[in-house]
Amino acid sequence: MTAEQITLRLATTRDAETIAAISRKTFYDTFAEFNTAEDIRIFLNEQFTKESLIKEVGVRYNTFFLAYQGHDVAGYVKLRDHLIPRELKGEQAMEIARIYATHEMIGKGVGKKLMQHSIEVSKQRNKQVIWLAVWEKNERAMEFYTKWGFEIFSKQIFILGTDLQKDWLMKKRL
């Protein structure tokens, strides 16, 4: 399978439940083995509820694109257009707030297709910078972003359950 076999489409509020389900599943699949079961449970039940994820889809500053392999949802990207770190103030910036591929689709071009599209959308919206946050221990993701030309420019704290974790903020000039 190649990235060319992956199709994308703009998500609507009708896709909110699908996005919520894939969000919870991919988050769990990616991070559960590196965190305590209790911290994952707390995070999913307090910060990543189905209801809150569904509400995100209709928010004006959020844009979601779903990735498909055939008729199967393979992942999605959430672009956010209003929260900018202080280090990027004064620049036109777009955030990749989430870029998720289902566990079985990792390494099959989904991330590539979603990243290409995120960069294209950012350029169409006249952004100068595209940025994201990534957990410092997520080496696979950091390697992927580095290959795309992203560089670390700052850090932030991410709370997962009761655990304070460090996220690297990475940016790419467009």
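A closer look at the packing of aromatic side chains
In total, this model carries twelve aromatic pairs according to the counting rule given. Arranged with centres 4.7 Å apart and planes meeting at 20°, the rings of F27 and F43 form a pair that is stacked. With F27 in helix α1 (residues 16–31) and F43 in helix α2 (residues 37–46), this pair connects stretches of sequence that are 16 residues apart. Accessibility classification places F27 together with F43 in one group, the buried group. Here F43 falls in the buried class, since its relative accessible area comes to 5%.

Overview of the packing of α1 against α2
α2 packs onto α1 with a crossing angle of 160° between their chain directions and a minimal axis gap of 11 Å. Taken together, the axis directions place α1 and α2 in an arrangement best described as roughly antiparallel. Of the two elements, α1 crosses α2, and the hand of that crossing is right-handed. In this structure, α1 uses R24, F27, Y28 and F31 to contact α2, whose residues at the interface are I40, F43, L44 and N45. The class makeup of the residues in the contact of α1 with α2 is six nonpolar, one polar and one charged.

A look at the nonpolar core
Within the largest apolar cluster, 24 residues are counted, with the highest numbers of intra-cluster contacts made by I96, V110, Y145 and F150. Elements supplying a minimum of two residues to this core: β2 (62–69), β3 (72–80), β4 (93–101), α4 (110–124), β5 (129–135) and α5 (139–147).

As for the confidence of the model for the protein
Per-chain confidence: the protein averages 94 in pLDDT, with 98% of residues scoring 70 or above. Looking at the elements of the protein, mean pLDDT is at its lowest for helix α3 (residues 50–57), recorded as 88, and at its highest for β5, recorded as 98.

What about the pattern of salt bridges?
For the structure on display, the rule yields twelve salt bridges. Across the pair E17 and K50 runs a salt bridge whose closest N-O atoms are separated by 3.3 Å. Of the two residues, E17 is situated in helix α1 and K50 in helix α3; the sequence distance between them amounts to 33 residues. Its relative accessible area of 39% is what places K50 among the partly exposed residues. Notably, a salt bridge pairs E56 with K78, separated by 3.1 Å at the nearest N-O pair. Here K78 lies in strand β3 and E56 lies in helix α3, a separation of 22 residues in the sequence. With respect to burial, E56 and K78 carry one shared label: buried. Counted as one network, the salt bridges with shared partners bring together E56, K78 and R98.

The rules we used
Residues numbered from 1 in each chain as written. Predicted model: local features only at pLDDT ≥ 70, side-chain atom pairs only at ≥ 80, totals over all residues. Heavy atoms only, no water. Phe/Tyr/Trp six-rings, centres within 6.5 Å; stacked < 30°, edge-to-face > 60°. Helix = DSSP H or I, 4+ residues; strand = E, 2+ residues; numbered from the N terminus. Buried < 20%, exposed > 50% of the residue type's maximum accessible area, 1.4 Å probe, protein only. Axes fitted to C-alpha atoms, helices over the stretch in contact; angles between N-to-C directions. Parallel < 35°, antiparallel > 145°, perpendicular 65-115°, else oblique. Left-handed = near helix turned anticlockwise from the far one by under 90°. Contact = heavy atoms within 4.5 Å. Nonpolar A, V, L, I, M, F, W, Y, C, P; charged D, E, K, R; others polar. Core = buried A, V, L, I, M, F, W, Y, C linked by side-chain atoms within 4.5 Å. pLDDT = per-residue confidence, 0-100. Salt bridge = Lys/Arg side-chain N within 4 Å of Asp/Glu carboxyl O.

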